[in-house]
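Survey of secondary and tertiary structure
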Amino acid sequence: MTETDRLSHYLCIGCPLGCRLEVEETDDDIIVRGFTCKRGKLYGRQEHTDPRRMVTTTIAVRGGRWPRLPVKTRDTVPKALVREVCAALRDLEVKAPVAIGTTVAANVLNTGVDIVAARDMPLA
Amino acid sequence: MGYDVAIVGGGIIGCAIARKLARYRIRQILIEKECEVGFGTSKSNSGIIHAGHHSPADTLKGPLEWAGNQLWDKLHEELDFGFERIGELMVAWDDDQLDTLQHYRDRGESRGVPGLEIWDREQVRRAEPNLNRLVKAALHAPTAGVVNPYEVCFSLIDSARNNGLELRTDSAVVAIDDSDDGLRLQTSNGTFAARFVINCAGMYADRIAQMAGVGDFSIHARKGEEYLLDKRLVGLVKRIIFPCPTATSKGVLVIPTFDGTIMVGPTANPIEARDDLTTSAGGSEQIFSQVQQTVPGISPRDCIAEFAGLRAVADGEDFIIGPTARRGFINVAGIQSPGLTAAPAIAEMVADILRQEGLTLEPNPRFTPAVPKHVIFNDLDTAAQQQQAANDPHFARICCRCELVTEGEVLAAIRAGAETLDGIKFRTRAGMGRCQGGFCTWRCMELIAQELDVPITEVTKRGGDSWILCERDGQEAAHAD
Amino acid sequence: MLTEHPVHLNDHYDVVVVGGGPAGMAAALGAREAGADHILMVDREKDAGGILWQCIHNGFGLHHFKEELTGPEYAQRYLEQVIDHNIDVLTDSYVYDIDRDKNLLVMSGSKGIHRIGGRAIVLAMGARERTRGAIRIPGTRPSGVLTAGLAQKFVNMQGYLPGRRVVILGSGDIGLIMARRLTLEGVEVIGVFEIMPHVNGLNRNVVQCLHDFDIPLHLSTTVVEIHGRDRVEKVTVAPVDDQLRPDLSKAWDIPCDTMLLSIGLIPENELSRRIKLRLDPVTTGPQVASTMETSVDGIFACGNVVHVHDLVDFVSQESELAGTGAGEYVTGHRRPADNIRLVPGDNVTYCVPQTISTDREHTVYLRVRHPERKCTIHFGDVYRRKLAYVFPAEMVTVKLQPRVLQAFHGDTLNVRVEARE
């Protein structure tokens with residue numbers, strides 16, 4: 001491994017300071033530099049080793065007050081799966097009424113994470 | 001059977017001619033290349049009815065300006081558009097310009113324009129306290145007025161159609177040849193024969209004339225950029241403010257439009273392309289730097305929208321109106337300022353020319369001059385608003401909040417022929433306010449889709465390729481049922 | 001299931017709240033808590049809840065609910081409380097006129113046009129997006145130029161796309177959020193262009209909306225011309241110098257069919273102007289006292305009508321205060337008048353509220369003119385607090401305790417932010 005292979009860079013999202021974090025992966029450790037606070041250090045490590053995201057999108061809903069239902073992952077999923085999660089939901093359609101928190105797709109892409117309705121969708 | 005008259009071009013001139021000829025027992029058709037009338041030069045017009053003293057006497061423009069001016073009250077009475085004689089002030093900033101004021105006053109008086117008065121600094125300040133305090137004097141012309149030019153087009157065409165005019169939009173004339181009894185117009189949307197063809201094709205009048213084999217003039221585009229200001233500034237000036245004209249320029253005007261919104265402009269730049277409606281950083285800079293000298297309270301920050309229009313300028317700068325070597329083909333070309341003002345007088349003139357050329361114009365006994373007035377919710381008092389809403393709940397649903405336009409008005413506009421967002425905007429003002437359609441766009445689209453029974457994705461801003469929305473991937477089927 | 005109670009519209013209410021977004025909902029609840037009896041909240045959409053319904057992303061509620069919610073979840077939680085508290089919610093309705101005697105004209109699709117009097121009024125109409133006209137971009141006027149918020153409504157509420165190849169002008173949060181949203185809908189987002197040398201939105205959105213999807217962000221670059229007769233065909237972009245003047249020699253063209261604008265919000269104060277409320281020239285919203293009362297007795301204002309917030313949680317907090325003020329006004333428990341005026345000083349553009357009192361705790365919101373690391377905020381000589389940083393895009397909130405004010409006997413406090421050595 002060359003020096004540059006070992007270094008990754010991240011923009012800290014904790015606050016408007018936007019610290020430029022540098023993460024170095026050594027053989028037995030992960031070193032984070034450039035943070036101003038403890039949260040930054042933790043964020044750098046997390047973002048480097050296992051970046052995760054909540055996914056929010058909409059699905060089709062038939063007979064509701066609006067034609068689209070906002071949904072979200074109940075928990076975070078690996079960042080690399082965000083696009084695939086959305087693609088998996090593209091053709092999903094549910095029928096109104098739908099209550100907030102209802103699971104509309106279970107265990108999406110075998111992540112163990114459910115997709116749930118983010119609002120009530122009453123009948124039109 | 002062919003038509004007696006085919007009018008090529010549905011701008012203010014074509015509409016005014018159609019409305020004039022609708023008084024007679026003839027068969028007439030108006031052919032317009034855009035999807036609605038007034039969508040070319042007319043909709044970008046400053047909307048000023050000139051006082052009658054602006055154009056020199058030795059031109060066609062001069063007498064037609066004043067003759068046209070006097071016809072607007074009658075039109076306004078019969079039709080359904082906003083018009084008010086708010087007057088104008090031609091403002092002098094130094095002593096040298098006092099002569100110019102006198103020159104314009106004398107010209108107007110010799111023509112019979114009433115009420116022209118030179119005001120001194122004190123009078124000007126009392127009347128228009130927000131003008132730059134350095135003003136020396138101004139020529140007041142009470143006969144000047146403002147209209148919404150697109151409203152005028154719609155109203156004229158509605159009236160003409162009610163009285164028998166046939167209207168073909170989305171139809172560009174591509175060739176002209178002979179027919180048994182006159183001329184034949186080939187368009188992108190059908191072929192029409194007529195004894196007489198009136199060429200009022202605005203920016204393209206020279207090309208239409210060429211198609212008829214009488215292309216002995218050319219049209220040049222002169223662009224004017226205009227900037228609309230926030231309603232907050234309503235009342236900043238009460239009259240149209242003209243700087244004293246110089247040899248090179250008419251200067252930048254401050255125009256309280258009929259709706260109260262203040263408009264500043266126009267620039268005047270010759271350009272090559274006849275469809276170049278771009279605004280420019282330079283234009284904006286020029287307008288605002290000049291206008292701030294006239295009315296210091298105006299800032300570029302007040303701008304809510306800008307647009308550009310093209311003046312159709314003929315060689316020699318004057319109007320070209322009259323019959324041609326091609327029998328039955330009549331030109332009404334090069335109609336730049338004061339074309340809007342002159343339009344009703346031009347229409348009268350064209351009727352006279354048709355008579356001289358052999359068309360019999362018998363009055364149509366069934367001619368109805370008035371058009372049904374559209375409800376303008378914002379202009380009603382509260383009791384009338386409540387009554388209107390009680391009769392039709394669509395008048396109790398807001399569509400455009402900035403201009404207070406109800407769904408009832410939008411539906412009326414669609415039923416009167418609006419098919420596009422601009423068509424609705426220019427008929428009702430929905431989308432013309434400070435949020436520029438942020439709130440009403442969806443509502444208007446839904447109403448168009450519902451009334452015309454088309455998918456939302458087929459609703460356009462102004463026809464052609466001006467689509468607004470597209471389907472999500474793979475959703476065509478989902479929305480179809 | 002969200003079920004609004006049917007409304008039997010009365011001629012008079014204790015409190016009428018104009019607007020049912022986050023500000024209006026919190027104000028209505030605040031008024032109820034303070035003891036107001038008959039409360040009406042008017043909203044123009046078919047659901048109260050405002051812009052939150054279309055903000056389907058997460059990141060809301062960390063301050064207020066102590067958990068991370070999506071916009072619709074935040075809206076629903078609030079709306080459920082509003083319904084539970086028997087507040088009359090009149091949707092699909094619009095307040096189009098108001099007078100200083102607190103009479104309103106309301107048009108309602110289901111109920112016609114009514115004149116309604118309130119003993120107190122809360123103005124919570126929110127803000128609108130700045131449009132193309134506000135920045136006068138040269139070029140043609142094709143379809144396909146729209147604000148990011150309108151595009152968000154099309155995509156998230158109606159299920160349509162605003163275009164297929166999109167350029168985003170302005171790096172406000174809605175623009176960044178829409179960059180991700182459209183990408184996930186299969187739209188090509190070519191880049192985000194920001195005239196300033198820094199991003200306007202949150203770093204979190206830069207990372208999760210742009211970096212995650214390799215969407216380029218061009219700082220100190222702006223759109224200098226729009227092309228296309230009917231529909232947008234391309235835009236010309238150019239870098240700008242430190243005076244924000246574009247360098248046209250370095251301009252380039254980007255073929256696209258859509259341009260979204262994310263260039264800021266303007267408080268919606270049509271009604272405020274109609275009754276000649278005293279406005280703050282900087283916020284452009286009404287000047288408010290510590291109870292959020294405006295210059296007209298019994299008329300309160302809150303949320304983005306007063307000043308543009310960056311977090312909905314603060315809108316809720318401020319608006320609850322306005323509701324409390326309105327509730328106390330109608331139950332005859334008005335607070336003593338404010339006795340201190342806050343005057344923005346060095347590196348402070350504005351303070352809200354504009355006045356406070358010495359008798360209780362106040363939260364003051366303010367914005368700075370330019371960024372600063374390691375600085376101190378001073379309220380006259382009576383109070384100061386060290387801050388690690390300030391940024392113009394992030395509202396600063398300061399809590400002032402009565403004990404620090406009691407020793408103060410003047411009537412104005414100069415508020416300033418100064419760098420520390």
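Bear in mind the structure is a predicted one, so any value in this text is a computation, not a measurement. (Residues numbered from 1 in each chain as written. Chains lettered and ligands numbered in written order. Predicted model: local features only at pLDDT ≥ 70, side-chain atom pairs only at ≥ 80, totals over all residues. Heavy atoms only, no water.)

1. Concerning the overall build of chain A
Broken down by element type, chain A carries three helices and ten strands. Start at the N end of chain A and walk to the C end: the helices and strands fall as α-β-β-β-α-β-β-β-β-α-β-β-β. With respect to the three principal axes, the spread of C-alpha positions in chain A is 60 × 30 × 20 Å. Expressed as a percentage of its 124 residues, the buried residues of chain A come to 45%. The contacts of chain A with a sequence gap of at least 6 include a subset with a gap of at least 24, amounting to 45%. On chain A, the mean spot of the 19 positive side-chain charges and the mean spot of the 16 negative ones are 11 Å from each other. (Helix = DSSP H or I, 4+ residues; strand = E, 2+ residues; numbered from the N terminus. Buried < 20%, exposed > 50% of the residue type's maximum accessible area, 1.4 Å probe, protein only. Contact = heavy atoms within 4.5 Å. Lys, Arg positive; Asp, Glu negative; His and termini not counted. Charge placed at Lys NZ, Arg CZ, Asp CG, Glu CD.)

2. Some words on the overall build of chain C
Along the backbone of chain C there are nine helices and 28 strands. For 421 residues, the compact-globule estimate of 2.2 N^0.38 gives 22 Å, and chain C sits close to it at 22 Å. Its C-alpha atoms give chain C principal-axis dimensions of roughly 65 × 60 × 40 Å. Burial analysis of chain C (421 residues in total) assigns 62% to the buried set. For chain C, the proportion of contacts with a sequence separation of at least 24, taken over those separated by at least 6, is 62%. As displayed, chain C has an accessible area near 15,600 Å², and 48% of this comes from carbon and sulfur atoms. Taking the 45 positively charged and 53 negatively charged side chains of chain C as two groups, their mean positions are separated by 4 Å. (Rg over C-alpha atoms; globule rule 2.2 N^0.38 Å. Areas by Shrake-Rupley, 256 points an atom, 1.4 Å probe, with all protein chains shown as cover.)

3. Points about the packing of helix α1 (residues 22–33) of chain C against helix α2 (residues 71–84) of chain C
Residue and element names in this part refer to chain C. In contact at an axis separation of 10 Å, α1 and α2 are set at 35 degrees when each is read in the N-to-C sense. Taken as a pair, α1 and α2 cross one another with a handedness that is left-handed. Contacts between α1 and α2 involve M25, A26 and L29 on the former and, on the latter, A75, Y78, L79, Q81 and V82. (Axes fitted to C-alpha atoms, helices over the stretch in contact; angles between N-to-C directions. Left-handed = near helix turned anticlockwise from the far one by under 90°.)

4. Quick look at the sheet that holds strand β24 (residues 362–367) of chain C
All names here are of chain C. Here three strands make up an open sheet; going across it, the order is β22-β24-β27 and the pairing antiparallel. Of all strands in the sheet, those with a lone pairing partner are β22 (350–352) and β27 (396–400), marking the two edges. Neighbour-to-neighbour, the strand axes of the sheet open up by a mean angle of 25 degrees, direction not taken into account. Where β22 meets β24, three bridges bridge the pair, whose relative direction is antiparallel. Bridged to V352 within β24 is Y365. This element, helix α8 (residues 312–330), spans β22, β24 and β27 of the sheet and lies at about 135 degrees to β24. (Pairing = 2+ DSSP bridges.)

5. Some points on the nonpolar core
With 162 residues, the main nonpolar core has A:L69, B:V410, C:V15, C:V17, C:M41, C:V122 and C:L123 as its most contacted residues. The contacts of C:V15, once residues within four sequence positions are left out, are C:A31, C:A36, C:H38, C:I39, C:L40, C:A120, C:V122, C:A326 and C:V330. The next biggest cluster of nonpolar side chains, apart from the first, holds 56 residues, and it includes B:V5, B:V152, B:A351 and B:M432. (Core = buried A, V, L, I, M, F, W, Y, C linked by side-chain atoms within 4.5 Å.)

6. Digging into the sheet that holds strand β26 (residues 383–390) of chain C
All names here are of chain C. Spatially, the five strands line up as an open sheet ordered β23-β21-β28-β25-β26, and their pairing is mixed. Of all the strands in the sheet, the pair left with one neighbour each is β23 (355–356) and β26. Here strand β25 (residues 372–379) runs beside β26; their pairing, made up of seven bridges, is antiparallel. For F379, the partnering residue across the bridge sits in β26 and is Y383.

7. Brief notes about the side chain of C:K153
All names here are of chain C. Here K153 lies in helix α4 (residues 148–158). For K153, a relative accessible area of 12% translates into the label buried. Of note is the side chain of K153, whose polar atom sits 3.4 Å from the side chain of E45. What K153 contacts, discounting residues up to four positions off in sequence, is E45, Q54 and Q158. (Polar contact = N/O pair within 3.5 Å; in protein donor to acceptor, adjacent residues only side chain to side chain.)

8. Considering the domain arrangement of chain C
Residues and elements named next belong to chain C. Along its sequence, chain C is carved into domain 1 (12–128 + 266–330), domain 2 (131–263) and domain 3 (340–419). One C-alpha centre belongs to domain 1, the other to domain 2; they are set 31 Å apart. Facing the nine residues of domain 1 at the interface are nine residues of domain 2. For the pair domain 1 and domain 2, the summed buried area comes to about 780 Å², and 49% of that belongs to carbon and sulfur atoms. Looking at the side of domain 1 facing domain 2, the largest losses of area belong to Q54, I56 and H57, adding up to 61% of the total buried there. The interface formed by domain 1 and domain 2 holds two salt bridges in total. (Domains from an automatic or database assignment. Buried area = accessible area lost by both parts, 1.4 Å probe. Salt bridge = Lys/Arg side-chain N within 4 Å of Asp/Glu carboxyl O.)

9. Observations regarding the domain arrangement of chain A
When cut into domains, chain A gives domain 1 (3–50) and domain 2 (56–117). Placing the centre of domain 1 of chain A and that of domain 2 of chain A at their C-alpha centroids yields a distance of 32 Å.

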